[in-house]
Amino acid sequence: MSEYQPAARVTRIRESASVLAAARVRELKAEGRSIIDLTVGEPDFDTPDHVKLAAIAAINAGETKYTAVTGTPALRSAILDHVESRTGLSYGPLELTIAGGAKQVIFTALMASLDKGDEVIVPAPYWVSYPDMVLANDGTPIIVPCGDEVGFKLTPGALAAAITPSTKWLILNAPSNPTGVVYSRSELEALAAVLQDNPHVYVLTDEIYDEIYFGSGRITSLVSAAPALRDRVLVVNGVSKAYAMTGWRIGYAVGPADLVASINKLQSQISSCPSSVSQAAAAAALSGDQRFVGECVDAYRIRRDVAVAGLNSIEGLSCISPDGAFYAYVKCAGAIGKTTPSGVRIADDVDFTAYLLDAASVAVIPGSAYGLGPYFRISFATSLETINSGLEAIDKAVRALN
Ligand code: PMP
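Residues numbered from 1 in each chain as written. Predicted model: local features only at pLDDT ≥ 70, side-chain atom pairs only at ≥ 80, totals over all residues.

Caption draft 1: Seen up close, the site of the ligand. In the vicinity of the ligand, 13 residues are found, and the nearest of them are Gly101, Ala102, Lys103, Gly238 and Ser240. Of the residues assigned to the shell around the ligand, the class counts are 3 nonpolar, 8 polar and 2 charged. (Near = placed C-beta within 6 Å. Nonpolar A, V, L, I, M, F, W, Y, C, P; charged D, E, K, R; others polar.)

Caption draft 2: Region of the structure containing the domain arrangement of the protein chain. Segmenting the protein chain into domains produces domain 1 (8-46 + 292-399) and domain 2 (63-287). Counting residues at the interface gives 32 residues for domain 1, matched by 32 residues for domain 2. No other element matches the 6 residues that helix H12 (residues 291-312) contributes to the side of domain 1 that touches domain 2. Per-class residue counts for the side of domain 1 that touches domain 2 are 17 nonpolar, 5 polar and 10 charged. (Domains from an automatic or database assignment. Contact = placed C-beta atoms within 7 Å. Helix = DSSP H or I, 4+ residues; strand = E, 2+ residues; numbered from the N terminus.)

Caption draft 3: Inspection of the sheet that holds strand E12 (residues 375-379) at higher detail. The sheet built from 3 strands is open, its strands ordered E9-E12-E11 with antiparallel pairing. This sheet does not close on itself; its edge strands, each paired only once, are strand E9 (327-331) and strand E11 (365-366). (Pairing = 2+ DSSP bridges.)

Caption draft 4: Broad picture of the pairing of strand E2 (residues 96-99). Of the two faces of E2, both are covered, the one formed by Leu96 and Ile98 as well as the one formed by Thr97 and Ala99. Sheet topology places E2 next to strand E8 (residues 251-254); 4 bridges connect them, and they run antiparallel. From the neighbouring strand, Thr97 faces E8, where its bridge partner is Ala253. (Buried ≥ 20, exposed ≤ 12 C-beta atoms within 10 Å, placed from the backbone.)

Given below as structure tokens:
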């Protein structure tokens, strides 16, 4: 046994619940169990061919060396053009950072800005990683519960009440993982009015699912709704979800040049640069044919409608229809307090999801991982066949409760 003592930052944080859930499903499958996996946090589509070919061409052209910390000129200009088309705002090269995934961008942005005692407002339900990333970087997450009575959205009143002189950041995420909710322009304007009165608060807006939107037109970014805030908004995005490129690891952010310079300084000591081959692929994804994105969204929309209708038809479960991303956040209050056929009382969503895995072989993630129970998250980034068998198995398991 080694004498290794983990640093305090390691003992302060949890491992990502979604990464753990995926590992558990792999483990059960390896044991020979057939699991209906509704935990998946990535598109089930393959990366488009023109993107793969761009990566192969980059390899053959010898683009296999370090690049600038800030990425290749081709990727930088593809991102800046893409951001301008989505936000209507033009950003310069000094306002852009590129990293190994949006996850790394967010982590480094927090590392670049937080000191002990700094607070970060995180509306719940939240993407599992935000509070732990704040803790790992010495900050204090301030969790603001945003339940279904407010449509899972942060209200201006709740934002104002959470802000203190120590607030450094507000983290917004839309379309949201896990709820799929999207803020309208007027909702963003109302939040922006509170932020105008609090010039010390920066906003990290995580728009990684912005292309996966079921409404008409495009989602509105906070910077588009409130360009006056531009000097303290970091817009985070990446190619993982829109282009089915989770394994390529390219994410980026645009924001104020001084903050971006600090992030890039850290990046120069952390990774030097993201993978050169992945950068070529990401440039091709962002500047190439966009039809793939629309085709995926059409498929997700069909699956969403099947999943939401099915879940709402199960007694004791209910969910709203998500506006974007590929998740439904399902209320399971009706199952809490009931008893399983083997005599176990279900006290919370962790018990309920454990029961689903045990009795119905359906894997979902408990709402407690996202900071708001009693809920669970299902992903519909999987085939209609898997979704339908999942619904059937959940229905049967719920009916068996007493
Ligand atoms: N933000 C949210 C809300 C996410 O769901 C994810 C991926 N699960 C990320 C960021 C990270 O994406 P990337 O693959 O670019 O690191």
